[in-house]
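If you want the building blocks of each chain, they are given just below.
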Amino acid sequence: MWVKLKILWIRFLRAFTLKILYPFLMLLGAFIKSKKESFQDFIINLNNKLVKKLGIKTSKLLIMLPHCLQIDKCDIRITNDINNCKRCGRCNVKDLITVAEECNLKLYVATGGSIARKLVKDIRPDAIVAVACQRDLSSGIADSHPLPVIGVHNERPFGPCYNTKVSVEKVQEAIRAFIQ
Ligand code: SF4
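Visitor: It is not clear to me how the environment of Cys-68 should be interpreted in this structure. Could you clarify?
Guide: Here Cys-68 lies in the loop between strand S1 (61-66) and helix H3 (93-103). Using a relative accessible area of 17% as the deciding quantity, one classes Cys-68 as buried. Placed 42 residues apart in sequence, Cys-68 and Ala-110 show a C-alpha to C-alpha distance of 9.8 Å.

Right, dumping it as structure tokens:
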């Protein structure tokens, strides 16, 4: 009984976070532009904590990556099939493929919101681990609600959408939250 109430409460908090608090903070961010990314970070972190508290365990987990993780010098097309990657190790894609293989998980590159939505519609996962920038992650997590998503934001040492990186350890940690 108490466990059910606790789960309902967490679901309510998550819905409030993504459907009310997030749009409010984005409205505020339109006026205080310097704070917008920290508001997005706040929403992602709060969502991640709530999703972890739900204690969902599944093997139907989808890992979604942004195309900008692939370095610009690589001309291999990995958007249709990430297994085309030659695993040269010049970008994080190689390590993430290894992580997905070790856990027997589906791994895809989403080049935009509509592709991400199509992947979710086709694959119908129980949960998602998504890598993207704060803007795409926060909006993607809110769009996908009530589907449980843990977001890991990428690092952008060369600016947005170009040769980005991600902490493979943080992706593994997010995966561990879902798998048995
Ligand atoms: S690991 Fe190498 S082959 Fe694979 S996407 Fe990155 S640069 Fe291209």
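Visitor: So what exactly am I meant to see when it comes to the side chain of Thr-58 here?
Guide: For Thr-58, the location among the structural elements is in the loop between helix H2 (36-54) and S1. Among the polar contacts made by the side chain of Thr-58, one reaches the main-chain amide nitrogen of Lys-60 at a distance of 2.8 Å. Not counting residues up to four positions away in its chain, the partners in contact with Thr-58 are Asp-126, Ala-127, Phe-178, Ile-179 and Gln-180.

Visitor: What should I look at first to understand the site of the ligand in this one?
Guide: Around the ligand there are 13 residues in total, and Cys-74, Cys-85, Lys-86, Cys-88 and Cys-91 lie nearest to it. The residue inventory of the shell around the ligand, partitioned by class, reads 7 nonpolar, 2 polar and 4 charged.

Visitor: Looking at this structure, how should I read the pairing of strand S3 (residues 127-132)?
Guide: Both faces of the sheet carry side chains from a regular strand, because those side chains alternate between them. Across the 6 residues of S3, 6 count as buried, placing the element largely inside the fold. A two-sided burial pattern is seen for S3, the buried positions comprising Ala-127, Val-129 and Val-131 on one face and Ile-128, Ala-130 and Ala-132 on the other. Here 5 bridges tie S3 to strand S4 (residues 149-153), and the two strands are oriented parallel to one another. Within S4, the residue paired with Val-131 across the bridge is Val-152.

Visitor: What am I meant to see in the packing of aromatic side chains here?
Guide: The relation between two aromatic rings is expressed through the spacing of the ring centres and the mutual angle of the planes. This model, assessed by the stated rule, comprises 2 aromatic pairs. Geometrically, the ring pair formed by Trp-9 and Phe-12 is stacked, given 5.6 Å between the ring centres and 20° between the ring planes. One end of the pair, Trp-9, and the other, Phe-12, are both in helix H1 (residues 2-31), 3 residues apart, so they sit about a helical turn from each other. Relative to Tyr-162, the ring of Phe-158 has its centre 6.4 Å away and its plane inclined at 85°; by these criteria the two rings are edge-to-face. Relative accessible area serves as the criterion here: at 37%, Tyr-162 is assigned to the partly exposed category.

Rules and cut-offs
Residues numbered from 1 in each chain as written. Predicted model: local features only at pLDDT ≥ 70, side-chain atom pairs only at ≥ 80, totals over all residues. Heavy atoms only, no water. Helix = DSSP H or I, 4+ residues; strand = E, 2+ residues; numbered from the N terminus. Buried < 20%, exposed > 50% of the residue type's maximum accessible area, 1.4 Å probe, protein only. Polar contact = N/O pair within 3.5 Å; in protein donor to acceptor, adjacent residues only side chain to side chain. Contact = heavy atoms within 4.5 Å. Near = heavy atom within 4 Å. Nonpolar A, V, L, I, M, F, W, Y, C, P; charged D, E, K, R; others polar. Pairing = 2+ DSSP bridges. Phe/Tyr/Trp six-rings, centres within 6.5 Å; stacked < 30°, edge-to-face > 60°.

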